[in-house]
Amino acid sequence: MPRTADAGCQLQAQNAETADTGCGNGFAYGSDPWYNKIRLKYGQTAVCRRQKGTGMKAIHTEKLTKSYGRARGIIDVSLDVEEGDFFGFIGPNGAGKSTTIRTLLGLIAPTGGKAEVLGRDVTRQKTELLREIGYLPSEAAFYNGMRVKDILAFSADLRKTDCTETARELCERLELDRNRRVNELSLGNRKKAGIVCAMQHKPKLYILDEPTSGLDPLIQREFYSVLQERNEEGATVFLSSHILSEIGRYCKHAAIIREGRLLVSDTVENLGHTGVKRVVLRGVDRLPQLTDATRIKQEGELTTFLYNGKSDTLVRELSGYSFDDISITDPDLEEVFMHYYAQEKED
């Protein structure tokens, strides 16, 4: 049974012109029917609905902001991630994912708002905090002359922890040669070394920035198997990605960030259940012209579109067309994501 969407702020509408995550992250939507569906689903009042949990939040932010002068960073990001969650942070390059992560780690100071990770303030208690986090940057850098085994030992020594056995097991599962020097490693193997450094001490919280870039599909699968095992043991996983199939397959909750602002945070399941349907017609005699259809595409004998109207209206309008077969399903996560970003181009 899926958990309720208490890991973040559900998207709601404040009025006919502005939608809000309930945490001050407003964005214009005008007459966009997709946002209207979300407004009807979550209610008219812009509030941040969080259920009372029995444990502390692994990540808690309130209006977290980072400004780089004239350059945009992140703006009023309010987000909750429960302990034990497997959380995906979605957005393309430049959306603010890495800035959010670095601020959560205390690596850069926020301009405004607050952030707590594992119950600790990220600015005042970051030294204690980092001992309990496994962090993987999007691009890990190592000393070229060192061998992989020396890097892993050095990382473990910084934490005053013996990780020899765990590191050996992870290297075997990820097919990483511990005797190779850093300058001899491919991009994928450098990524593996970073993964082992982040995971060998078995932290309470994993914060992973684009963890699978450079990994081949088989290693990606094994990597997620390890993450799932750690999550089942009680660890919290927070990872950023632009590979939506990964988020949909492995994560319980997800948030979408655009232009430094959080658009929506909910269960992965609920993100695809906004009332909008994906319709596929096979062998239709002509391109459908439907009132509530968007993103109409035709490839060969298949015609697809998103439909946000009433089912009986769809059936009635399609009765005027001839086609061989029809499929009506919920949109996948990629289509949800693309819809939000299509709105950015229109604004």
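In this text the structure is predicted, and so the values were computed from the model without any measurement.

Cut-offs and rules
- Residues numbered from 1 in each chain as written.
- Predicted model: local features only at pLDDT ≥ 70, side-chain atom pairs only at ≥ 80, totals over all residues.
- Heavy atoms only, no water.
- Pairing = 2+ DSSP bridges.
- Helix = DSSP H or I, 4+ residues; strand = E, 2+ residues; numbered from the N terminus.
- Core = buried A, V, L, I, M, F, W, Y, C linked by side-chain atoms within 4.5 Å.
- Buried < 20%, exposed > 50% of the residue type's maximum accessible area, 1.4 Å probe, protein only.
- Axes fitted to C-alpha atoms, helices over the stretch in contact; angles between N-to-C directions.
- Parallel < 35°, antiparallel > 145°, perpendicular 65-115°, else oblique.
- Left-handed = near helix turned anticlockwise from the far one by under 90°.
- Contact = heavy atoms within 4.5 Å.
- Nonpolar A, V, L, I, M, F, W, Y, C, P; charged D, E, K, R; others polar.

*Asks:* It is not clear to me how the sheet that holds strand E8 (residues 120-121) should be interpreted in this structure. Could you clarify?
*Replies:* Strand pairing in a sheet relies on backbone hydrogen bonds, with the paired strands running either antiparallel or parallel. Pairing is antiparallel across the open sheet formed by four strands, whose spatial order is E5-E4-E7-E8. In the strand order of this sheet, the two ends are held by strand E5 (71-82) and E8, each with one partner. Two elements, strand E7 (residues 112-117) and E8, share two bridges in a ladder whose sense is antiparallel. Residue pairing across strands places Val117 opposite Arg120, the latter belonging to E8.

*Asks:* So what exactly am I meant to see when it comes to the nonpolar core here?
*Replies:* When a protein is soluble and globular, its nonpolar side chains tend to lie buried together. Counting 42 residues, the largest nonpolar core has Phe86, Val196, Met199, Leu208, Phe223, Leu227 and Leu239 as its most contacted members. Sorting elements by how many residues they give to this core places helix H6 (residues 187-199) first, with six residues. Grouped together as the second largest cluster of nonpolar side chains are 25 residues, Leu105, Ile133, Leu205 and Phe238 included.

*Asks:* Help me understand the pairing of strand E12 (residues 253-258) in this model?
*Replies:* Walk down a regular strand and you will see the side chains alternate between the two sheet faces. For E12, a buried count of six out of six residues is recorded, marking the element as mostly surrounded by other parts of the structure. Burial along E12 is two-sided: the face carrying His253, Ala255 and Ile257 and the face carrying Ala254, Ile256 and Arg258 are both buried. Across four bridges, strand E6 (residues 86-90) lies against E12 in parallel orientation. When the bridges of E12 are listed, Phe87 appears paired with His253.

*Asks:* I tried to follow the packing of helix H4 (residues 148-158) against H6 on my own but got confused; where do I start?
*Replies:* When two helices pack together, their arrangement is given by the angle between the helix axes and the distance between those axes. Running from N to C, H4 and H6 cross one another at 25°; their axes reach a closest spacing of 9 Å. One way to sum up the angle between H4 and H6 is to call them roughly parallel. In this structure, H4 meets H6 at a crossing whose hand is right-handed. Where H4 approaches H6, its residues Ile151, Leu152 and Ser155 are matched on the opposing element by Ala193, Val196 and Cys197. Tallied by class, residues from the contact of H4 with H6 come to five nonpolar, one polar and no charged.

*Asks:* What exactly am I supposed to notice about the side chain of Thr236 here?
*Replies:* Along the chain, the position of Thr236 falls in strand E11 (residues 236-241). Once residues within four sequence positions are removed from consideration, Thr236 is found in contact with Ala58, Val81, Glu82, Glu83, Gly84, Asp85, Lys204, Leu205 and Tyr206.

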